Protein chains: 2
Amino acid sequence: MKITEPTLKIDYERLTGNINRMSNKARLSGVRFRPHFKTHQSVTTGEYFRDLGVREITVSSLNMAVYFADAGWNDITVAFPVNILETDKIKYLSEKIKINLLFESAETVDTVSRSISGKIGGYIKIDTGYGRTGIKSGNIKDIEKVVYEIKKSRRIQFKGFLVHSGHTYSAKSIEEIILIYEDTVSKLTELRNYFWSDDIELSIGDTPSCSVVNRFDGVDEIRPGNFVFYDYKMLTLGVCKESDIAVSVAVPVVSVHKERNNAVVYGGAVHLSKDSVICKGKNIYGMAVEFRNQGWGEIIPDNYVESLSQEHGILKLKNAFLETLKPGSLVSIVPVHSCLTVDLFGRKRV
Amino acid sequence: MKITEPTLKIDYERLTGNINRMSNKARLSGVRFRPHFKTHQSVTTGEYFRDLGVREITVSSLNMAVYFADAGWNDITVAFPVNILETDKIKYLSEKIKINLLFESAETVDTVSRSISGKIGGYIKIDTGYGRTGIKSGNIKDIEKVVYEIKKSRRIQFKGFLVHSGHTYSAKSIEEIILIYEDTVSKLTELRNYFWSDDIELSIGDTPSCSVVNRFDGVDEIRPGNFVFYDYKMLTLGVCKESDIAVSVAVPVVSVHKERNNAVVYGGAVHLSKDSVICKGKNIYGMAVEFRNQGWGEIIPDNYVESLSQEHGILKLKNAFLETLKPGSLVSIVPVHSCLTVDLFGRKRV
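## Regarding the overall build of chain A
- Regarding its fold elements, chain A presents twelve helices and 18 strands.
- The C-alpha radius of gyration computed for chain A amounts to 22 Å, which stays within 12% of the reference 20 Å derived for 350 residues, consistent with globular compactness.
- Along the first, second and third principal axes, the C-alpha atoms of chain A reach 70 × 40 × 35 Å.
- Across chain A, every contact between residues at least 6 apart in sequence was considered, and the portion connecting residues at least 24 apart equals 64%.
- For chain A, the distance from the average site of its 46 positive side-chain charges to the average site of its 42 negative ones is 3 Å.

Encoded structure:
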């Protein structure tokens, strides 16, 4: 296929390697591997997981759950506090597949329970330190209320506690990520012990933890998503190798300004997203690498996306790279945050 | 329509007011009004412009040009340095409608000229200080080369100089915006005088300038886009009134955390975009206001979007507002940057 406009390129060999590694580590640890499909959101990419034996998945919205359920996935956890305005979708899913939802309050348990006809699984979203959503792990009183309400329901089976320790994304070292993992597991275990039951599952999710720990001791399920592609952010965190990054965006060069050491590409915020990492005090919106028909070139420091407008990207480039470019050339961009970049391309990819 | 998931709401009365005001100011100034359609990207919203007499438009990609050309718009400027990998689209447009393209180098003029069969207009992209794209206004040598190449072509008619003074977006005051406008016009006029021709058109584009100057003296065309919706960024810049903002996103509340003064909504980076403004040292991703069936509530300081994940938004709210919310409530978000937010919703809107 001739590339003429911003185009998402996936390296399926790397992607398969990433899935295999994570899947093997889960199997060796004796935990369930329930990958998060929000990162790729594609039935086609989902088939790579299916080929490797994955049958249980995670998504982040009821719309995504319906999309994958309709494509034949029949065991799905929606790892997002349940939106009670969408009970029609919950009802549909409860009748069609095995679906697990996330609860944080007794009221939503009751509303959902009364509006469905099938059965569903219920997890309680716990916050062990990230502070985004969930009931704080120390807040036993509120957790008990939700557990009680779920156990009261004939429609909802209590499954366990689910956490996303997203604070690993801003960790300063691998050691810090491991400490966060251990802290998460210890808080969840304490909670399980309080409730005196071995039936309570513990489910964790973040890609940094899942990538760096050697064994998933103390939990029952992992739900990483980003690991399927990784990205520049994960590389800077040290949780993947450059050769694990399985996604880039090919963009056409429309202008070269040698005097400013930059090139302008057709590829902007609507293609890459405005997510950035800060390196040496500068916001970086992606790394610019050589375009190749198969794959893409290596990341070289100082070749990066300096700024983004709606459709424009401004690349700051070293002379050696800049001199190979002219209007009509292609450059590849290794994204900062693959989840948002891939989302922007919808289900179009090569 | 019952809102159950993140939904773009447009206030068409405000939108019509915004178009009317800008269109009238252009007419009274005797300049062409060629609004930028990248902000809304919708044939339906385009009809509001058509009803108010607009026939000439601007877009930021050849794909958008094809989309609007196929919907009956027949005088379009693509205000983006031409991408010579898309000559098939240029050929198509050159045969179907009046199309103007942007050039920055003699080579691209030559490539385009040789690949089309119809006629097109050609502008030269000039940089008067923003530093994103274009040939610097003082670089007469390079500008002459491109003018010469366009004039040599039998396919391309030289139209003039086009600029986007995007540095008005980071101005600190209205006075600074006006100074940038005056500087832009003065540099373009100098350029036109150098080329000894009154036929050369001067086209400017940014919403801040177009909103605050009283008359468009010294230019021939204005191409603002963002003004159709405005947004919180434009409000903080002082270039619009709150009652001019014509877009918001309605989002469902999924969780309320009174102890942290926050609410979690289904509405994240894939709905709002990660664009932010810095207020009192904090990144703000949108303002949270009361949801109403018609329109939305007023902006109150300290009720804002504190952080965004892929599908989650975390709202920091004052008690008075927080106490009105529970899971299943709706909140409206006034976006920081309407262009990116509206793009994320594709052509779906209410």
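## Examining the pattern of salt bridges
- All chains considered together, the criterion is met by 50 salt bridges over all chains.
- In this structure, R260 of chain B engages D127 of chain A in a salt bridge whose closest nitrogen and oxygen atoms are separated by 3.4 Å. A residue pair is termed interchain when its members come from two chains, as with R260 of chain B in the loop between β11 (247–257) and β12 (262–266) and D127 of chain A in strand β6 (residues 120–127).
- According to the relative accessible area criterion, D127 of chain A is buried, its value standing at 4%.

## Focus on the pairing of strand β4 (residues 75–81) of chain A
All names here are of chain A.
- Counting buried residues along β4, seven of its seven residues qualify, which places the element largely inside the surrounding structure.
- In the sheet, strand β3 (residues 57–59) pairs with β4 via three bridges, with the strands oriented parallel. Looking at β4, one finds that I57 is bridged to I76.
- On the question of chirality, the crossover connecting β3 to the parallel β4 by way of helix α3 (residues 62–70) is right-handed.
- Crossover connection from β4 via helix α4 (residues 87–96) to parallel strand β5 (residues 98–103): handedness right-handed.

## Looking at the relation of the copies chain B and chain A
- Mapping chain B onto chain A is achieved by rotating through 180° and translating by 0.0 Å along the same axis, at an RMSD of 0.0 Å. Here the symmetry operator amounts to a two-fold rotation axis. When C-alpha distances to the rotation axis are compared across chain B, the minimum falls at K274 of chain B, with a value of 2.7 Å.
- The overlap is high: 100% of the interface residues of chain B also sit at the interface in chain A, so the same surface is used on both sides.

## Quick look at empty space enclosed by the protein
- Per the stated rule, a full pass over the model turns up four cavities of 30 Å³ or more.
- Taken as a whole, the largest cavity encloses approximately 120 Å³ of empty space.
- Lining the largest cavity are 14 residues, and of these A269, S273 and L344 of chain A together with S273 and L344 of chain B sit closest to its centre.
- Those elements giving two or more residues to the lining of the largest cavity turn out to be α10 (269–272) and α12 (338–344) of chain A together with α10 (269–272) and α12 (338–344) of chain B.
- Each residue belonging to the lining of the largest cavity can be placed in one class, and the counts come to eight nonpolar, two polar and four charged.
- By volume, the second largest cavity amounts to about 80 Å³.
- In terms of lining residues, the second largest cavity is bounded by S60, S61, L62, V78, F80, P81, V82, N83, E86 and L101 of chain A together with Y266 of chain B.

## Some remarks on the side chain of S42 of chain A
Residues and elements named next belong to chain A.
- On the secondary structure map, S42 appears in the loop between β2 (32–33) and α2 (43–51).
- S42 gets classed as buried once you look at its relative accessible area, which sits at 2%.
- Of the polar contacts made by the side chain of S42, one reaches the backbone nitrogen of T45; its length is 2.9 Å.

## Quick word on helix α7 (residues 174–194) of chain B
Residues and elements named next belong to chain B.
- For α7, spanning 21 residues, the distance from its first C-alpha to its last is 30 Å, which sits close to the expected 30 Å at 1.5 Å a residue.
- The complete set of buried residues in α7 reads I177, I180, Y181, T184, V185, L188, L191 and R192. Down the axis, α7 shows its buried residues gathered within 130° of arc, on one side only. Facing away from the buried side of α7, by more than 90 degrees, are the exposed residues E175, L179, E190 and N193.
- Elements in contact with the buried residues of α7: β6 (120–127), α6 (140–152), β8 (156–163), β9 (201–204) and α8 (207–212).

## Side note on the interface of chain B and chain A
- Taken together, the contact between chain B and chain A spans 52 residues of the former and 52 residues of the latter.
- Together, the buried faces of chain B and chain A total about 4200 Å²; carbon and sulfur atoms form 55% of this surface.
- Of all residues in chain B, the largest losses of buried area upon contact with chain A belong to L85, R132 and Q310 of chain B, amounting jointly to 16% of the total for that side.
- At the junction of chain B and chain A, the tally comes to six salt bridges.
- Contributing elements (two or more residues each) for the side of chain B that touches chain A: α3 (62–70), β4 (75–81), β11, β12, α10, β17 (312–316) and α12 of chain B.
- Each residue belonging to the side of chain B that touches chain A can be placed in one class, and the counts come to 21 nonpolar, 17 polar and 14 charged.

Scoring rules and cut-offs
- Within every chain, residues take consecutive numbers counted from 1 along the sequence as written.
- Think of it this way: whatever chain is written first is A, whatever ligand is written first is 1, and the rest follow in order.
- Only residues with pLDDT of at least 70 are given local features in this predicted model, and only at 80 or more are side-chain atom pairs given and counted; all residues enter the totals for whole chains, interfaces and linings.
- No hydrogens and no water enter the side-chain calculation; it runs on all heavy atoms of the structure.
- We count a stretch as a helix when DSSP gives it H or I for four or more residues in a row; a strand needs E for two or more, and each element gets its number in order from the N terminus.
- With C-alpha atoms as the basis for the radius of gyration, the globule rule is written as 2.2 Å multiplied by the number of residues raised to the power 0.38.
- The contact criterion used throughout is that any non-hydrogen atoms of two residues lie within 4.5 Å.
- For the purpose of charge, His is not counted, nor are the chain termini; Lys and Arg are scored as positive and Asp and Glu as negative.
- Where a charge lies is defined by one atom per residue type, namely NZ (Lys), CZ (Arg), CG (Asp) and CD (Glu).
- Salt bridge, as used here: a side-chain nitrogen of Lys or Arg that lies within 4 Å of a carboxyl oxygen of Asp or Glu.
- The buried label applies to any residue whose accessible area, calculated with a 1.4 Å probe on protein chains only, is under 20% of its type's maximum; exposed applies above 50%, and partly exposed to all values in between.
- In this description, strands pair whenever DSSP reports at least two bridges between them.
- The handedness rule is simple: strands pointing away from the viewer, and a clockwise path from the first strand over the helix to the second, make the crossover right-handed.
- Copy-to-copy alignment: least squares on C-alpha atoms, limited to residues at pLDDT 70 or above in both.
- A cavity here means a set of 1 Å grid points, computed over protein atoms only, where a 1.4 Å probe fits but cannot escape. A pocket is an open set with protein on both sides within 12 Å along at least 5 of 7 lines, and lining residues have an atom within 4 Å of a point.
- Grid points are joined across faces, edges and corners, and a volume is the space filled by probe spheres set on the points.
- All amino acids are sorted into three groups, where Ala, Val, Leu, Ile, Met, Phe, Trp, Tyr, Cys and Pro are nonpolar, Asp, Glu, Lys and Arg are charged, and the leftover types, Gly among them, are polar.
- Counting of polar contacts relies on pairs of N or O atoms within 3.5 Å, with two restrictions inside protein: one atom must be capable of donating a hydrogen and the other of accepting it, and residues adjacent in sequence are counted only when both atoms are side-chain atoms.
- The span one expects for a helix is its residue count, reduced by one, times 1.5 Å.
- Directions pointing from the helix axis toward each C-beta atom define the arc.
- By buried area we mean the combined loss of accessible area, with a 1.4 Å probe, across both parts when two parts are placed together.

Just geometry here; none of it tells us what the structure is for.
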